Amino acid sequence: EPVVVRYRGTRFLKEFRQMLNNTGGTWVYFVPEEKPSNDPKKPNLPEVGSLSKHFVGKAWVDLRSLIRPGARATEALCDLRTAALGAEVMTEEPTLQASRAFVRLALELR
């Protein structure tokens, strides 16, 4: 699994602590994008663009377990919720909730 390591600085840590103490978590957004076809003879289907807009979603990640003294890591399994705007929702396609889509996140503070 890919691991992303970033140092964000003291300002980020201050804002992170404030978020943790006041809201206890954060929203993670899922925004799929249509990628152009690599083969000019096989272009993307016309509905691919609207499908990518239909499956925009968000998940609430509860990070309150990091409040405990000494806690430096947490894992979360969060249900994705549809966040597409009304005009972008395709009634013939299932929603993220109906598909039981989820986000798995592991976070470690070093």
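Basis of the calculations
Residues numbered from 1 in each chain as written. Predicted model: local features only at pLDDT ≥ 70, side-chain atom pairs only at ≥ 80, totals over all residues. Heavy atoms only, no water. Core = buried A, V, L, I, M, F, W, Y, C linked by side-chain atoms within 4.5 Å. Buried < 20%, exposed > 50% of the residue type's maximum accessible area, 1.4 Å probe, protein only. Helix = DSSP H or I, 4+ residues; strand = E, 2+ residues; numbered from the N terminus. Contact = heavy atoms within 4.5 Å. Phe/Tyr/Trp six-rings, centres within 6.5 Å; stacked < 30°, edge-to-face > 60°. Pairing = 2+ DSSP bridges.

Draft legend 1. Structural context of the nonpolar core. Within the largest apolar cluster, 12 residues are counted, these being Phe16, Met19, Leu20, Ala59, Val61, Leu63, Leu66, Ala76, Cys78, Leu80, Leu96 and Val103. For this core, the secondary structure elements donating two or more residues are helix 1 (10-22), strand 2 (57-62) and strand 3 (73-79). Per element, the largest residue contribution to this core is three residues, and it comes from helix 1. Among all residues touching alanine 76, those that are not within four sequence positions of it are Val61, Val103, Arg104 and Leu105.

Draft legend 2. Quick look at the packing of aromatic side chains. All chains considered together, the criterion is met by two aromatic pairs. Ring centres of phenylalanine 12 and phenylalanine 16 lie 5.8 Å apart, and the angle between their planes is 35°; this geometry places the pair in the tilted category. In this pair, phenylalanine 12 and phenylalanine 16 both sit in helix 1, four residues apart, roughly one turn of the helix. Residue phenylalanine 12 is classed as partly exposed on the basis of its relative accessible area, which comes to 30%. When the centroid spacing of 5.4 Å and the interplanar angle of 70° are considered together, the rings of tryptophan 27 and tryptophan 60 count as edge-to-face.

Draft legend 3. Representation of the environment of glutamate 33 within the structure. Note on placement: glutamate 33 falls in the loop between strand 1 (25-30) and helix 2 (48-54). In this structure glutamate 33 comes out as exposed when scored by relative accessible area, which is 60%. Residues glutamate 33 and leucine 51 lie 18 residues apart in sequence; the distance between their C-alpha atoms is 9.3 Å.

Draft legend 4. Looking closely at the pairing of strand 2. Side chains Gly57, Ala59 and Val61 project from strand 2 onto a buried face, and the interleaved Lys58, Trp60 and Asp62 project onto a face without burial. In this structure, strand 1 lies alongside strand 2, joined through six bridges in antiparallel fashion. Bridge pairing in strand 2 places tyrosine 29 opposite lysine 58. Sheet analysis places strand 2 next to strand 4 (residues 81-82), joined by two bridges and oriented antiparallel. Bridge pairing in strand 4 links lysine 58 to arginine 81.

Any functional reading would require information beyond the geometric quantities listed.
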